[in-house]
Amino acid sequence: MRTISRGFAVVAATALALGAAACSPPSSSSGTATSSGAVNAATATTADAFGGMDALVKAAQKEGTLNVIALPPDWANYGAVIGAFGKKYNIKVVSAQPDASSQAEINAAKQLKGQPTAPDVFDVSQAIANSNTALFAPYKVATWAEVPDNLKDPAGTWANDYGGYMSVGYDAKAVPAVTSLADLMKPAFKGKVALNGDPTAAGAAFAGVMMASLANGGSADNIAPGVDYFVKLKKAGNFLPVDPDPATIEQGQTPVVLDWDYLNVAQAKKLAGKRDWKTVVPAGAVYGGYYVQAINKGAPHPAAARLWQEFLYSDAGQNLWLAGGARPVRADAMVKAGTIDATAYSALPKAEGTPVILTQAQQTAAASYLAANWAKQMG
Amino acid sequence: MTTTTSGRRWRTRLGPLAGVLPFALLVIFFLVVPTLVVVVGSFLDASNAPTLGNVTALGESIIRDAYVRSVVISGVTALLGAIFGALLAYAVATANPNGALRRVVTAACGVLAQFGGVMLAFAFIATVGFQGLLTVLFRDLGLDIYGSGWLFDTPGLILVYTYFQIPLMVIVFLPALDGLRPQWREAAETLGGSAWDYWRRVAGPILRPSFLGCTLLLFANAFSAYATAKALISQGSPIVPLKIDDAINGEVIQGVQNLGKSMALGMVVVVAVVMWLYARLQKRTAKWLR
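Residues numbered from 1 in each chain as written. Chains lettered and ligands numbered in written order. Predicted model: local features only at pLDDT ≥ 70, side-chain atom pairs only at ≥ 80, totals over all residues. Heavy atoms only, no water.

Draft legend 1. Summary view of the pattern of salt bridges. All names here are of chain A. The full count for this structure, using the stated rule, is eleven salt bridges over all chains. For Lys-152, the salt bridge is made with Asp-149, and the minimal N-O distance between the two is 3.7 Å. On the basis of relative accessible area, Lys-152 is assigned to the buried category, the value being 10%. Taking relative accessible area as the criterion, Asp-149 reaches 65% and is therefore assigned exposed. Close ionic contact of Asp-183 with Lys-186 constitutes a salt bridge, the shortest N to O distance being 3.3 Å. Judged by its relative accessible area of 44%, Lys-186 is partly exposed. Here the residues in one salt-bridge network are Glu-146, Asp-315 and Arg-330, joined through shared partners. (Salt bridge = Lys/Arg side-chain N within 4 Å of Asp/Glu carboxyl O. Buried < 20%, exposed > 50% of the residue type's maximum accessible area, 1.4 Å probe, protein only.)

If you want it as structure tokens, here you go:
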């Protein structure tokens, strides 16, 4: 799920997955989709199919285990989410390869197909979800109607879970206060502005260019002004072509980083006392990105997988993500209903304007524009 | 009777082969199978239908430029590494064989030749990056050594690669220098030859194949290097290994995994040519080192 760990993560994940497959003995509790005899959990598309939430909980407890993959404990508060779920329902959560990438989750599901160690649920990036819906089992949680329509698949194979807005993180001691992307052109930012990777390959860097486009007259259908912005930034000598990570930020090599707001906020917490790390969502350039939640079609614990979804989209689950600095997908509905954790919600970086979220077609069009122009213009 | 004889015959035939089995398995799983995956994948599209598209895409300017850059960076760092490494190796070879200098230099080279990846890249960023130790020091003196960010482009790769090429050259070239017998020099001098004559007519011709062979090895070493470049360069993926990484692991442009494989196939071809040259030179060198 993490966008940062690429490359070796995939290789390692593949090796691990193969190793795990070879070592694990066949488990008797696995693969029995019709555990209660009456309900086929693997094809249930709502809790009603089990006969209500209580029956779903019972079916899940009978399975006793839930396999999750690529959920770092310090990412969007997943450590607490996993703990709370296990405690509430008395189900053992087996967390495999916490630092793996989205693609590695899909690879693991394919390689471990039919094994009791296969992942039950996925938390993947939107692009990976779009190209793998055939692997997902359709399921609609009780709060499905409160997930905004543009953030879910009408067929129910996936729904966005939590996300954030693109932001500018900066060390307030090293550079002047940032209020807009235009500020970053000033001489005070010479050699200091880093993008999180190459936008033709890394999702967060792609989002950075899209944000710059929105701030400079572009739109969801037009990423070109974003490329122009970075060309100008490079000409001014302000663009720093270093891949930022916690080490470079702590060391002061990357004083300004364009990244998701929840990552910048988490960075600030980690560096408290060392760096004065601030996070700003530029006004009028609010670009949103959400992760995707889905159930593995071949989940070895189909009822537990569905209960996990119900938990994640409940008020409790959504508030846990919020406590980790991520924006839960039901936030608007929960604000209206007054069930949101108000303190955590008001602590999120302020964003002015409606967030722009790309459709799959817009994403593909922007990606091919970058493929043709980014390296050429930035070279 | 017949069964025992044939059994024994089998055993004697298979006996020597059994020892090679682990190596054979290793080669099959870590060389043959991956190579086949690369070759087959190069000719398939995203839905596994046969295509030549991945291979013809290698001619696109952006990929062709990456190959040219990869070859230039590898060539330049191999030459720099070979020249400076050979000089250092000569200094070591002529020193006391049991002395501290030789032991320290060979030990240091053994470590530095393997020093790469994130650590090496970060070391250079922290030294000559924008906020680097030297950059800041020189900036205070009014000198700008950072420029427009050369460290994160081709010149940076050349500098950083040369850093591990020189020690590697020392390690691989030292045995050839040790093979130069002092008697040859004495013989040359006895016959009235000058130092120049000795180097031009005796040592030079003997060392030339080994020197060229080591240079080719250095070329292949730089050509296939990935981790250091990955850690140092975050924009543009200027060289082929980084382009392959983008194609296989990229999150933005999907369905081009097999283009990555065809680029890898291109690298296999380049390295195969280099290795063939290396093997030919090696044959000529071996004659003198017996």
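Draft legend 2. Structural context of the interface of chain A and chain B. Listed as interface residues are 36 residues of chain A and, on the opposing side, 24 residues of chain B. Note on chain A versus chain B: buried area summed over both sides is about 2600 Å², and carbon and sulfur give 57% of it. On the chain A side of the interface with chain B, the three residues burying the most area are Ala201(A), Pro241(A) and Gln253(A), jointly 21% of the side's total. Linking chain A to chain B there are zero salt bridges. For the pair chain A and chain B, the number of links is four residue pairs in polar contact (both at pLDDT 80 or more). Of all the elements in the fold, those that place two or more residues in the side of chain A that touches chain B are α1 (8-23), α5 (126-130), α6 (203-215), α8 (246-251) and α14 (360-378) of chain A. (Contact = heavy atoms within 4.5 Å. Buried area = accessible area lost by both parts, 1.4 Å probe. Polar contact = N/O pair within 3.5 Å; in protein donor to acceptor, adjacent residues only side chain to side chain. Helix = DSSP H or I, 4+ residues; strand = E, 2+ residues; numbered from the N terminus.)

Draft legend 3. Spotlight on helix α5 (residues 100-112) of chain B. Residue and element names in this part refer to chain B. Along its 13 residues, α5 runs 18 Å from first to last C-alpha, staying within 8% of the 18 Å computed at 1.5 Å per residue. Of all the residues in α5, the buried ones are Arg-102, Val-105 and Cys-109. With its buried residues spanning 75° around the axis, α5 presents them on a single face. For α5, the exposed residues lying more than 90 degrees away from the buried face are Ala-100, Arg-103, Val-104 and Val-111. (Expected span 1.5 Å × (residues − 1). Arc of directions from axis to C-beta.)

Draft legend 4. Main features of the pairing of strand β1 (residues 65-69) of chain A. Of all five residues that make up β1(A), four are buried, and the element is covered over most of its length. Since β1(A) and strand β2 (residues 92-96) of chain A lie parallel, the crossover through helix α3 (residues 78-89) of chain A that links them has a hand, and here it is right-handed. (Right-handed = clockwise from strand over helix to strand, strands pointing away.)

Draft legend 5. Structural view of the packing of α6(A) against helix α7 (residues 224-235) of chain A. All names here are of chain A. At a closest axis distance of 7 Å, the pairing of α6 and α7 adopts a crossing angle of 100°. When the interaxial angle is binned, α6 and α7 end up roughly perpendicular. When α6 is examined against α7, the residues Gly-208, Val-209, Ala-212 and Ser-213 are found in contact with a partner set consisting of Pro-225, Gly-226, Val-227, Tyr-229 and Phe-230. Along the lines of polarity and charge, the residues of the contact of α6 with α7 split into six nonpolar, three polar and no charged. (Axes fitted to C-alpha atoms, helices over the stretch in contact; angles between N-to-C directions. Parallel < 35°, antiparallel > 145°, perpendicular 65-115°, else oblique. Nonpolar A, V, L, I, M, F, W, Y, C, P; charged D, E, K, R; others polar.)

Draft legend 6. Region of interest: the state of the cysteines. Residues and elements named next belong to chain B. Applying the stated criterion across every chain yields a total of zero disulfides over all chains. Looking at the unpaired Cys-109, the closest cysteine sulfur is the one in Cys-214, lying at 13 Å. Residue Cys-109 is classed as buried on the basis of its relative accessible area of 6%. (Disulfide = S-S within 2.5 Å.)

Draft legend 7. Up close: the pairing of β2(A). Pairing analysis gives five bridges linking β1(A) to β2(A), with the strands arranged parallel. Counterpart to Leu66(A) in the pairing with β2(A) is Val93(A). (Pairing = 2+ DSSP bridges.)

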